[in-house]
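Understanding the architecture of this molecule
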Amino acid sequence: MLYREAGQFKTSYAADQQIFPILQDRIGIGLIAVLALGVLPLFATEYMTTTILIPFLVMSIAAIGLNILTGYAGQLSLGTGGFMATGAFAAYKLSTMFPDLNIVFVFLGSGVITAFVGVMFGIPSLRIKGFYLAVATLAAQFFLLWLFNKVPWFTNYSSSGVISAPPRAIFGDIMVTGSSAHYTAKYLFLLVFVGLLALAAKNLTRCHLGRAWMAIRDMDIAAEIIGIKPLQTKLSAFAISSFYCGIAGAAWGFIYTGSVEPLAFSIEISFKVLFMVIIGGLGSILGSFFGAAFMVLLPVILTNAPHLLGLNIPVDMISHLEYMIFGALIIFFLIVEPHGLARLWQIGKEKLRLWPFPY
Amino acid sequence: MDFLYNFFISPFVQIADAPLFFVEVLTGGLLSGVMYSLVALGFVLIFKASGVFNFAQGAMVLFAALFFAGFMDKGVPWWGSLILTIGVMVLLAMAIERIVLRPLVNQPHIILFMATIGVTYFLDGFGQTIWGSSVRVLDIGLPQTPLEIGGVLVNKFDIIAAVVAGSLVAALALFFQKTRIGRALRAVADDHQAALSVGIPLKTIWAIVWTVAGLVGLVAGVMWGSKLGVQFSLAMVALKALPVLILGGFTSVPGAIIGGLIIGAGEKIAEVYWADAIGGGIEDWFAYMLALMFLLFRPQGLFGDKIIERV
């Protein structure tokens, strides 16, 4: 009853092609937009913004990026951390080399640079596939981190190897990066970025290119026979995915932590983003958000739970227990719903169509 | 120019100047490659029999080593700890089969891969919750002294590791080729459904395969543990075994050995002779690049099954 599309007829091609074809979806998205843009910044405390909202937004960009590559184009990649590091360091170099460049273009530029790096490491995907490719992408992960660690040019010869985001403003005087930026400004800036990037990703996956990716994913030889060029398709998936990962890395370094070293983008990050994509749902942009929310909230909850329950456990024990619960939960979710949270959402919508009358 | 000289000429000059030292580096590399092979073997076994890319092999190595060292610290003699740890690994294999694999039968490979990463996190946390995260010294009386063979210095420990790896492979080959269970394992590896239809109990086979992989992990854990000490970083040796794996092919036991030798030797030689040209600390990624080079010519690894694709 609540969720009924009966009576909503499409009378034009434009209506048929809408991203949200059902009125209830449009209302829902509008509500979320109002909530995220207008209500949350008013109520969110600094702790909530910096430990939950901003990491959630950063990780959802990365998850969308990996979802394009793994969920849509079917190329398993474990190099996300390396690409994010590339984005962060590219943004740092761009913003220090061209101090007058607007921060928006710094982010986009770092995305483009990461896209080139991604294409370079995507070339082996033309020869190898599956888990062989996954292990091969680890080369990107380790090589890129080593490069940023070893070559002092990337950190502007800083002795500690840590880069700090220079303060930058948008619209003249609103600081969004650096230590003097207000957390609400950071959040809103990032939110607009995420919204636009998600919209772009959704549309990309619905157009010619997205269909080509899915064809390659489902069976690459068959796709090749019907005229889809594997070279362009696979490399474009790597390029666009790395573009997103690069922006995510830049946002991580500039907005989330403010200063960053290559080690922050270790292989743990690659696995975490892969978890987000799989727990959220492979081949679903919405799922990327669910996955990012899940993976950002879970450690926060696990860290705070013993205090809330009044248990007194030594600190190193807690971190080990966290690992255990984390692993067990991942297995649990995979068993309960291997298609991810996006699939659960779909099932929920189906149920709501009939509710409260089961027939 | 300096870089080109350091990269293309000076290493070869050094090799030509001191051939004996080169042989020493090479043997050292080959022998440490054997240690990688030990970890890679566990991966290959599970991939062959169930098509699962078991990322948890590294965690199993750490888990086994933690239990072994833990029992030893409690004052149990080494054979007693060995038996107890074998028991633990059997239980672990049965639990993984029952709790993780059985509900996920027929899921895509990537889901199973993710599940094994979940197992990795769980085992890392579980092992350290029980035994703590301090570094344990594992001393099973293996000599660490160097030995001179024809003017070349070789570590005795590495030779023992090579002998252990060799006998392990021989034992596994015998087990796979000559026993009833081994034949069933090979049948399952070829085709799950066909194996089921001729009456091979898939669940039992999986439990056995994970047990065997656990035991290989135990051997690897004891060897690595007595070399580096039992600590969390032991789980990271799995990352070293991955390039060995793609180089040798996921489905080949000899591939794991040969791959390990190539990676070990290549890594040592590059570290000794080319570190000047490209900077130190290359051991993190060099193995991957080396494996990638091989993969461009043989996409299924050196000894992997030929990939036949049909539409």
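Conventions we followed
Residues numbered from 1 in each chain as written. Chains lettered and ligands numbered in written order. Predicted model: local features only at pLDDT ≥ 70, side-chain atom pairs only at ≥ 80, totals over all residues. Heavy atoms only, no water. Helix = DSSP H or I, 4+ residues; strand = E, 2+ residues; numbered from the N terminus. Rg over C-alpha atoms; globule rule 2.2 N^0.38 Å. Buried < 20%, exposed > 50% of the residue type's maximum accessible area, 1.4 Å probe, protein only. Areas by Shrake-Rupley, 256 points an atom, 1.4 Å probe, with all protein chains shown as cover. Lys, Arg positive; Asp, Glu negative; His and termini not counted. Charge placed at Lys NZ, Arg CZ, Asp CG, Glu CD. Contact = heavy atoms within 4.5 Å. Salt bridge = Lys/Arg side-chain N within 4 Å of Asp/Glu carboxyl O. Polar contact = N/O pair within 3.5 Å; in protein donor to acceptor, adjacent residues only side chain to side chain. pLDDT = per-residue confidence, 0-100. Expected span 1.5 Å × (residues − 1). Phe/Tyr/Trp six-rings, centres within 6.5 Å; stacked < 30°, edge-to-face > 60°. Lys NZ or Arg CZ within 6 Å of the ring centre and 35° of its normal. Axes fitted to C-alpha atoms, helices over the stretch in contact; angles between N-to-C directions. Parallel < 35°, antiparallel > 145°, perpendicular 65-115°, else oblique. Left-handed = near helix turned anticlockwise from the far one by under 90°. Nonpolar A, V, L, I, M, F, W, Y, C, P; charged D, E, K, R; others polar.

**Some points on the overall build of chain B**
Assigned secondary structure in chain B consists of twelve helices and two strands. Its helices and strands taken in sequence order, chain B reads α-α-α-α-α-β-β-α-α-α-α-α-α-α from the N to the C terminus. Since a compact globule built from 311 residues should have a radius of gyration of about 19 Å, the 20 Å found for chain B is in line with a globular shape. For chain B, the C-alpha atoms occupy an extent of roughly 65 × 60 × 35 Å along the three principal directions. Buried residues in chain B amount to 53% of all 311 residues. In the form shown here, chain B has an accessible surface area of approximately 13,400 Å², with 68% of it arising from carbon and sulfur atoms. Positive and negative side-chain charges in chain B, numbering 17 and 18 respectively, have mean positions lying 17 Å apart.

**Quick word on the interface of chain B and chain A**
You'll often see interface size given as the accessible area lost when the parts meet. Between chain B and chain A, the residue contacts involve 52 residues of the former and 44 residues of the latter. On the surface where chain B and chain A come into contact, there are zero salt bridges. Applying the counting rule to chain B against chain A returns three residue pairs in polar contact (both at pLDDT 80 or more). Elements with a contribution of two residues or more to the side of chain B that touches chain A: α4 (78-101), α5 (109-131), α10 (237-248) and α12 (286-297) of chain B. The biggest single contributor to the side of chain B that touches chain A is α5(B), with 16 residues.

**Focus: the confidence of the model for chain B**
A low pLDDT means the predicted coordinates there should not be read in detail. Overall, the predicted model of chain B reaches an average pLDDT of 82, with 95% of residues at or above 70. Put simply, strand β1 (residues 146-149) of chain B is where chain B has its lowest mean pLDDT, 71, and α4(B) is where it has its highest, 89.

**Section: helix α11 (residues 267-280) of chain A**
Residue and element names in this part refer to chain A. If you check α11, its first and last C-alpha atoms are 20 Å apart, about what 14 residues at 1.5 Å a residue would give, namely 20 Å. Taken across its 14 residues, α11 has twelve buried, putting it largely inside the fold. Those residues of α11 lying buried are Ile 267, Ile 269, Ser 270, Phe 271, Val 273, Leu 274, Phe 275, Met 276, Val 277, Ile 278, Ile 279 and Gly 280. In the stretch just after α11, Gly 281 is the one whose phi turns positive, near 135 degrees.

**Considerations on the packing of aromatic side chains**
Counted under the stated rule, the structure contains 41 aromatic pairs over all chains. Ring geometry for B:Phe63 versus B:Phe67: centroids 4.8 Å apart, planes at 50 degrees, classification tilted. On the criterion of helical spacing, the pair formed by B:Phe63 and B:Phe67 is a turn pair, its members being four residues apart in helix α3 (residues 57-73). Accessibility classification places B:Phe63 together with B:Phe67 in one group, the buried group. An aromatic cluster of three or more residues is present, and its members are A:Phe131, A:Tyr132, A:Phe271, B:Phe43, B:Phe47, B:Phe53, B:Phe55, B:Phe113 and B:Phe250. Here A:Lys93 stacks its cationic end above the ring of A:Trp153, 4.1 Å away from the centre of that ring.

**What to know about the packing of helix α2 (residues 23-43) of chain A against helix α7 (residues 183-206) of chain A**
Residue and element names in this part refer to chain A. Across the interface, α2 lies against α7 with an axial gap of 11 Å and an inter-helix angle of 165 degrees. One finds that α2 runs roughly antiparallel with respect to α7. For the pair α2 and α7, the sense of crossing is right-handed. Note on element contacts: α7 touches α2 through Thr 184, Tyr 187, Leu 188 and Leu 191, opposite Ala 36, Leu 37, Leu 40 and Pro 41. Of the residues belonging to the contact of α2 with α7, the class tally is seven nonpolar, one polar and no charged.

**Some points on α5(B)**
Residues and elements named next belong to chain B. A rise of 1.5 Å per residue sets the reference length of α5, with its 23 residues, at 33 Å; its end C-alpha atoms lie 33 Å apart and thus fit the reference within 8%. Within α5, 19 of the 23 residues are buried, leaving the element largely enclosed by the surrounding structure. Looking one or two residues past α5, Gly 132 carries a phi angle of roughly 80 degrees, positive in sign.

**Details of the environment of A:Leu196**
Here A:Leu196 lies in helix α7. Once the C-alpha coordinates of A:Leu196 and A:Ser236 are considered, the two residues, 40 residues apart in sequence, prove to be 20 Å apart.

**Re the side chain of A:Thr80**
Residues and elements named next belong to chain A. Mapped onto the fold, Thr 80 is located in helix α4 (residues 80-97). Of the residues examined, Thr 80 reaches a relative accessible area of 1% and is grouped as buried. With near-sequence residues (within four places) excluded, Thr 80 lies in contact with Leu 66, Gln 141, Cys 245, Ser 270 and Val 273.

**Some remarks on the pattern of salt bridges**
By the definition in use, this model includes three salt bridges over all chains. A salt bridge links A:Asp25 to A:Lys349, with the shortest nitrogen-to-oxygen separation between them at 3.8 Å. Of this pair, A:Asp25 sits in helix α2 while A:Lys349 sits in helix α14 (residues 341-354), placing them 324 residues apart in sequence. Of the charged contacts in the structure, one is a salt bridge between B:Arg102 and B:Glu97, with a shortest N-O distance of 3.1 Å.

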